[in-house]
Amino acid sequence: MTLARIAMARSARPVLSSLGPVALDRDGAEPLHRQLYRALRQAVLDGRLRPGERLPPSRALATEWALSRNTVVTTYDTLLAEGYVTGRVGAGTFVAASLPDAAPGGAAGRDEARRGVGLSARGRALAEAPSIARDRVGRPFALGTPDLEAFPFALWAQLIGRCWRHGGRALATEPDPLGYGPLRAEIAAYLRAVRAVRCEPEQVVIVSGAQQGLALMAQLLLDPGDAAWVEEPGWPGNRAALLGAGARLVPVPVDGEGIDVAAGMARGADARLALVTPSHQFPLGVTMSLARRLRLLDWAAARDAWIVEDDYDSEFRYAGPPLAALQGLDGAGRVIYVGSFSKVMFPALRLGYVVVPPDLVEPVRAARRHFDGGTSVVPQAALHRFLADGHFASHLRAMRSLYAAKRTAILASIETAFAGFATAEAGEAGMHVLLRLPPDCPDHVLAGRAARIGLTTPCLSGYYRADAETADAVTGNGFLLGFAAHDPAALDRAVRDLARLAVDMPNG
């Protein structure tokens with residue numbers, strides 16, 4: 001036996017023994033591949049399977065645990081799609097060196113978070129909240145990644161330098177917890193003109209990204225155990241922000257008119273907050289109808305509840321002018337408006353904003369002073385000049401035109417490559433399209449195969465809560481294909497590669 005074969009054999013044997021006995025309910029309702037997936041995933045999170053460690057070949061693991069090889073292959077593909085393992089055909093499968101965002105810290109940190117040692121109940125809920133692995137490599141079809149080649153980084157560097165040269169000493173002093181005053185005024189003017197938001201500069205709070213804004217509002221407005229509506233399906237990060245405040249999540253289904261307010265009232269009439277994406281619902285892409293908006297506002301006013309409007313990528317609207325925000329219809333001061341610059345500019349900017357009703361301004365100021373003291377001032381000052389000098393409006397116009405062309409191109413590619421097999425749905429805004437797969441082509445299985453050829457295919461099923469009544473195999477089966485970061489030729493190649501994998505799937 002060669003040294004390489006000996007090393008490979010040694011690396012495989014401890015993995016099987018380190019997992020210990022795995023209790024598989026062979027007569028239960030849950031498929032065996034999901035049970036095996038949970039066991040292997042937990043072993044990774046607990047540190048029993050270490051980064052870089054080679055998993056046994058699928059045939060060997062199937063023999064060891066008396067499973068079919070297809071069950072093990074499906075399990076490995078799911079782990080691969082979610083970023084827990086890496087590998088390619090012929091080279092083996094290995095535990096990923098860096099784990100998805102859902103896995104905190106190293107082996108000891110993962111063990112503590114998962115077992116709940118030393119954590120509060122809210123801490124355990126937050127540590128165990130489902131998350132979607134983010135692709136930082138920028139492969140097709142990564143979500144939320146703008147076309148960075150088109151951003152004027154040289155201009156941005158000049159603005160940063162100019163801010164230091166002309167205001168360095170003033171910018172180095174203790175910041176206002178609510179944010180840089182000139183930027184807040186510029187954002188208020190922009191939102192009034194473009195999104196019909198009713199606000200003054202004093203109501204604008206600068207935060208380190210929309211996610212921090214959501215978490216801040218949840219901490220201020222919710223007590224542990226308070227019910228909060230979340231869209232079903234919806235973005236896991238939004239749910240995590242509420243879980244961090246100890247909220248009890250109430251999944252409310254989304255249909256062609258947006259969140260179903262009647263269903264929300266039936267499932268959680270006592271809710272203190274509803275977190276919604278009315279202009280471009282994520283991930284389905286629908287726009288909330290006026291009737292639903294008015295009913296949601298009526299519910300909030302009658303229940304003295306709050307509505308948090310996450311307006312995450314509504315700038316990229318391809319049919320008509322930008323929609324008016326839900327906040328602009330609010331006459332009772334119950335809507336909190338959250339936005340970000342990361343999708344328009346670049347993700348590492350980490351600057352967002354929250355527009356709060358006047359009576360929340362001082363509580364927010366106090367909370368920011370206690371939590372983090374405010375957001376770094378220099379990038380705020382540069383962003384102020386980027387907006388005030390017209391660069392933001394110019395860049396946004398260019399990106400809207402560029403993304404519209406890419407959106408048209410990917411839809412045409414899907415229509416050709418997936419003809420008669422799968423269909424695409426594209427809302428009137430956003431940076432992704434939804435590819436609906438047939439029921440006999442499970443998205444999580446196809447995603448694993450796609451990852452092996454360098455494609456990132458976020459699964460629609462991953463945005464449904466496992467315990468939600470609305471999650472089913474038909475509604476939640478598909479891919480969210482981001483198109484903003486790649487040129488039409490690269491998107492077309494990727495779509496064709498994905499289509500070949502899909503039609504070659506067993507039973508597909």
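Just so we're clear, the structure is a prediction, and the values are computed from it rather than from any experiment.

1. Re the packing of aromatic side chains
Scanning the entire structure with this criterion turns up 18 aromatic pairs. Geometrically, the ring pair formed by F151 and F386 is tilted, given 5.8 Å between the ring centres and 40° between the ring planes. Linking F151 in the loop between α6 (121-127) and α7 (153-171) with F386 in helix α14 (residues 377-388), this pair joins segments that are 235 residues apart in sequence. Residue F151 shares its accessibility class with F386, and that shared class is buried. Look at W229 and W299: their rings are 4.1 Å apart centre to centre, the planes differ by 20°, and that puts the pair in the stacked class. One end of the pair, W229, is in strand β4 (residues 227-232); the other, W299, is in helix α12 (residues 290-303), and 70 residues separate them in sequence. Residue W229 is classed as buried on the basis of its relative accessible area of 0%. Taken together, the ring pairs in this structure connect F151, F153, W156, F346 and F386 into an aromatic cluster.

2. What to know about the sheet that holds strand β12 (residues 432-436)
Strand order in the open sheet formed by three strands is β11-β12-β13, and the pairing between neighbours is antiparallel. Only two strands of the sheet have a single neighbouring strand rather than two, namely β11 (423-425) and β13 (478-482). Direction aside, the axes of adjacent strands within the sheet are offset by 30° on average. When β11 meets β12, the two strands line up antiparallel, connected through three bridges. Looking across to β12, one finds that T423 is bridged to R436. The sheet contacts of helix α15 (residues 391-417) involve β11, β12 and β13, and relative to β12 the element is tilted by about 15°.

3. What to know about helix α10 (residues 236-243)
For α10, the buried fraction is high: eight of the eight residues fall into the buried class. Looking only at α10, the buried set comprises P236, G237, N238, R239, A240, A241, L242 and L243. Each element contacted by the buried residues of α10 is listed here: α6, α9 (210-221), β4, β5 (248-255), β7 (273-276) and β8 (306-310).

4. Looking at the packing of helix α8 (residues 181-194) against α14
Where α8 contacts α14, the axes come no closer than 8 Å and their chain directions differ by 35°. Note that α8 runs across α14; the crossing there is left-handed. Contacts between α8 and α14 pair P182, L183, E186 and I187 from the former with Q380, L383, H384, L387 and A388 from the latter.

5. Things to note about unusual backbone geometry
With an omega of 10°, the peptide bond running from P140 to F141 counts as cis. Residue position: F141 is located in the loop between α6 and α7. Residue P283 is reached from F282 by a cis peptide bond, and omega for that bond is 10°. Locating P283 in the fold gives a position in the loop between β7 and α12. A positive phi is found at A196, a non-glycine position, where the angle reads about 55°. With respect to the helices and strands, A196 occurs in the loop between α8 and β3 (204-207). The partly exposed category is assigned to A196, whose relative accessible area is 35%. A positive phi angle, close to 50°, is found at R350, a residue other than glycine. As for its placement among the helices and strands, R350 is situated in the loop between β9 (335-340) and β10 (352-355).

6. What about the side chain of N477?
Its place among the elements puts N477 in the loop between α16 (443-452) and β13. A polar atom in the side chain of N477 sits 3.2 Å from the backbone oxygen of C441. Reaching out from N477, the side chain makes a polar contact with the backbone nitrogen of D443 at a distance of 2.8 Å. The contacts of N477, once residues within four sequence positions are left out, are L435, R436, L437, P438, P439, C441, P442, D443 and L460.

7. Considerations on helix α2 (residues 32-46)
Here α2 contains 15 residues, and its C-alpha end-to-end distance of 21 Å stays within 8% of the 21 Å for a straight helix at 1.5 Å per residue. Where burial is concerned, most of α2 is hidden: eleven out of the 15 residues are buried. Those residues of α2 that fall on the buried side of the exposure criterion are H33, Q35, L36, Y37, A39, L40, R41, A43, V44, L45 and D46. Of the residues trailing α2, G47 is marked for its positive phi of about 85°.

8. Some remarks on the pattern of salt bridges
Pairs can form between side chains of opposite charge whenever their charged atoms are close. Counted by the stated rule, this structure contains 18 salt bridges. The closest approach of N and O atoms between D147 and K406, which form a salt bridge, is 2.8 Å. Of this pair, D147 sits in the loop between α6 and α7 while K406 is found in helix α15, placing the two residues 259 residues apart along the sequence. D147 sits in the buried class, given a relative accessible area of 11%. A salt bridge links D497 to R500; the nearest nitrogen and oxygen atoms lie 2.2 Å apart.

So, how was this worked out
- Residues numbered from 1 in each chain as written.
- Predicted model: local features only at pLDDT ≥ 70, side-chain atom pairs only at ≥ 80, totals over all residues.
- Heavy atoms only, no water.
- Phe/Tyr/Trp six-rings, centres within 6.5 Å; stacked < 30°, edge-to-face > 60°.
- Helix = DSSP H or I, 4+ residues; strand = E, 2+ residues; numbered from the N terminus.
- Buried < 20%, exposed > 50% of the residue type's maximum accessible area, 1.4 Å probe, protein only.
- Pairing = 2+ DSSP bridges.
- Axes fitted to C-alpha atoms, helices over the stretch in contact; angles between N-to-C directions.
- Contact = heavy atoms within 4.5 Å.
- Left-handed = near helix turned anticlockwise from the far one by under 90°.
- Polar contact = N/O pair within 3.5 Å; in protein donor to acceptor, adjacent residues only side chain to side chain.
- Expected span 1.5 Å × (residues − 1).
- Salt bridge = Lys/Arg side-chain N within 4 Å of Asp/Glu carboxyl O.

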